[in-house]
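Structural characterization, general
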Amino acid sequence: MPETISAPAAPAVGKTPGTDRSRARARAARNRAILVQSTRALVLLGVIGLWEWLARASVIDPFNFSMPSKIWEQLKQWALHGTAQGSLWEQIWYTLYEALLGWGIGVVAGVVLGIAFGRIAFLADVLGPYIKVLNALPRIVLAPIFLIWFGLGPASKVASAVVLVFFPVFFNAFQGAREVDRNLVANSRILGASNRQVTLQVVIPSATSWIFTSLHVSFGFALIGAIVGEYIGATKGLGLLVSSSQGTFNAAGVYAAMVILAVVALLAEGLLTFLEKRLFRWKPAQPGEDR
């Protein structure tokens, strides 16, 4: 009998080796993310549980070190009944307002001056040493001076936040402007771009990733500036809660205020990370990074 030649089987629709590999990578990334989040939660629970046990067993002094259960009770009391300075949410908003305003001013000033110094060599040569000297100063000690200048209101806390935020943003913007691809600048010049166009359309976009890197750190610095200013002298804010709790030897109150600050900082970090991922979709993911 003559042999029959069968036609090759058609590949399954939608099933290609490349698709299978992509799905496998996505599944592996999801599994790793679940593992990382679960491990983080277990570590946190382990630390809290160990702290509670050590305090209850009097291995550590519960008066000085407090314990998680007392911190939770303090948070509930503040949330439900308010603080001596007013409602808890008012204190949070007061500190957040000072930190955000100081952060915004510090970021804008740092970016503008950093780009300017990076683009104008003469400006960097003349004023660069002064910037380095100011950066070397312990800026936290300026908080009492700002308190004398601006009083107990939010202005002194905003000033403290500004000086802490400005320098990391400035140096990152400056480095980003210096690290721009010279070929891009040269090609822009060939196409007839002016200095302003080169700065706005080449330098600033190239330095954006450097600037975003500094934003993650600088918001924490803004919170520190606001808290330190409130701790030294204020009428409202989380720093005043820390100072008042310390003055009454209320360790749980100090830790409770620190927990609130940590939550605020984590939320801000999450928002910045989300915005960065949205703006830099084109950027290839680093090994182990979930994009």
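None of these values were measured; they are calculated from a predicted model. (Residues numbered from 1 in each chain as written. Predicted model: local features only at pLDDT ≥ 70, side-chain atom pairs only at ≥ 80, totals over all residues. Heavy atoms only, no water.)

Some words on the confidence of the model for the chain
- Here the chain shows a mean pLDDT of 81. Residues at 70 or above account for 84%.
- Confidence, read as mean pLDDT per element, is least for helix α8 (residues 182-190) in the chain (67) and greatest for helix α3 (residues 68-81) (90). (pLDDT = per-residue confidence, 0-100. Helix = DSSP H or I, 4+ residues; strand = E, 2+ residues; numbered from the N terminus.)

Let's talk about the environment of I140
- Within the secondary structure layout, I140 lies in the loop between α5 (121-136) and α6 (142-150).
- Residue I140 is classed as partly exposed on the basis of its relative accessible area, which comes to 39%.
- If sequence neighbours within four positions are ignored, I140 has contacts with L164, I224 and V228. (Buried < 20%, exposed > 50% of the residue type's maximum accessible area, 1.4 Å probe, protein only. Contact = heavy atoms within 4.5 Å.)

Some points on the pattern of salt bridges
- If you walk through the whole model with that rule in mind, you get three salt bridges.
- Ionic pairing is found between E73 and K76, a salt bridge with its closest N-O pair at 3.6 Å. Of this pair, E73 and K76 are both found in helix α3, three residues apart, which corresponds to roughly one turn of the helix.
- Among the residues examined, E73 registers a relative accessible area of 44% and is labelled partly exposed.
- The exposure class of K76 is partly exposed, given its relative accessible area of 33%. (Salt bridge = Lys/Arg side-chain N within 4 Å of Asp/Glu carboxyl O.)

A word on the packing of aromatic side chains
- Evaluated as defined, the whole model comprises eleven aromatic pairs.
- Where W149 meets F150, the ring centres are 6.1 Å apart and the plane angle is 90°; that geometry is what we call edge-to-face. (Phe/Tyr/Trp six-rings, centres within 6.5 Å; stacked < 30°, edge-to-face > 60°.)

Some remarks on helix α11 (residues 251-279)
- For α11, spanning 29 residues, the distance from its first C-alpha to its last is 42 Å, which sits close to the expected 42 Å at 1.5 Å a residue.
- Buried residues of α11: A251, A252, G253, V254, A256, A257, I260, L261, V264, A268, L272 and E276, and no others. (Expected span 1.5 Å × (residues − 1).)

Quick look at α3
- With 14 residues, α3 should reach 20 Å at 1.5 Å per residue; the first-to-last C-alpha distance of 20 Å fits that figure.
- Those residues of α3 that sit buried are P68, I71, Q74, L75 and W78. Projected onto a plane normal to the axis of α3, the buried residues spread over an arc of 120° and lie on a single side. Turned more than 90 degrees from where α3 packs its buried face, W72, L80 and H81 sit exposed.
- At the C-terminal side of α3, G82 shows a positive phi close to 80°. (Arc of directions from axis to C-beta.)

Here we look at the side chain of S160
- Tracing the backbone through its elements, the reader meets S160 in helix α7 (residues 154-178).
- Once you skip the residues sitting within four places of it in the chain, S160 turns out to touch A143, F146 and G225.

Side note on the environment of A55
- Residue placement: A55 occurs in helix α1 (residues 17-56).
- Residue A55 is classed as buried on the basis of its relative accessible area of 2%.
- Linking A55 and F65, residues ten residues apart in sequence, is a C-alpha distance of 7.6 Å.
- Among all residues touching A55, those that are not within four sequence positions of it are I60, P62, S66 and M67.

Re unusual backbone geometry
- Even without being glycine, S58 reaches a positive phi, approximately 60°.
- As for its position among the elements, S58 is in the loop between α1 and α2 (62-65).
- Its relative accessible area of 56% is what places S58 among the exposed residues.
- One non-glycine residue with positive phi stands out, namely F249, at about 55°.
- When you line up the elements, F249 lands in the loop between α10 (238-247) and α11.
- A residue is classified by how much of its surface remains accessible, and F249, at 63% relative accessible area, is exposed.

Some points on the packing of α3 against α11
- Contact geometry of α3 with α11 gives a least axis separation of 8 Å together with a crossing angle of 75°. The orientation of α3 relative to α11 falls into the category roughly perpendicular. The segment α3 lies against α11, with K70, I71, Q74, L75 and W78 engaging A252, G253, Y255, A256, A257, V259 and I260.
- Residue composition of the contact of α3 with α11, grouped by class: nine nonpolar, two polar and one charged. (Axes fitted to C-alpha atoms, helices over the stretch in contact; angles between N-to-C directions. Parallel < 35°, antiparallel > 145°, perpendicular 65-115°, else oblique. Nonpolar A, V, L, I, M, F, W, Y, C, P; charged D, E, K, R; others polar.)

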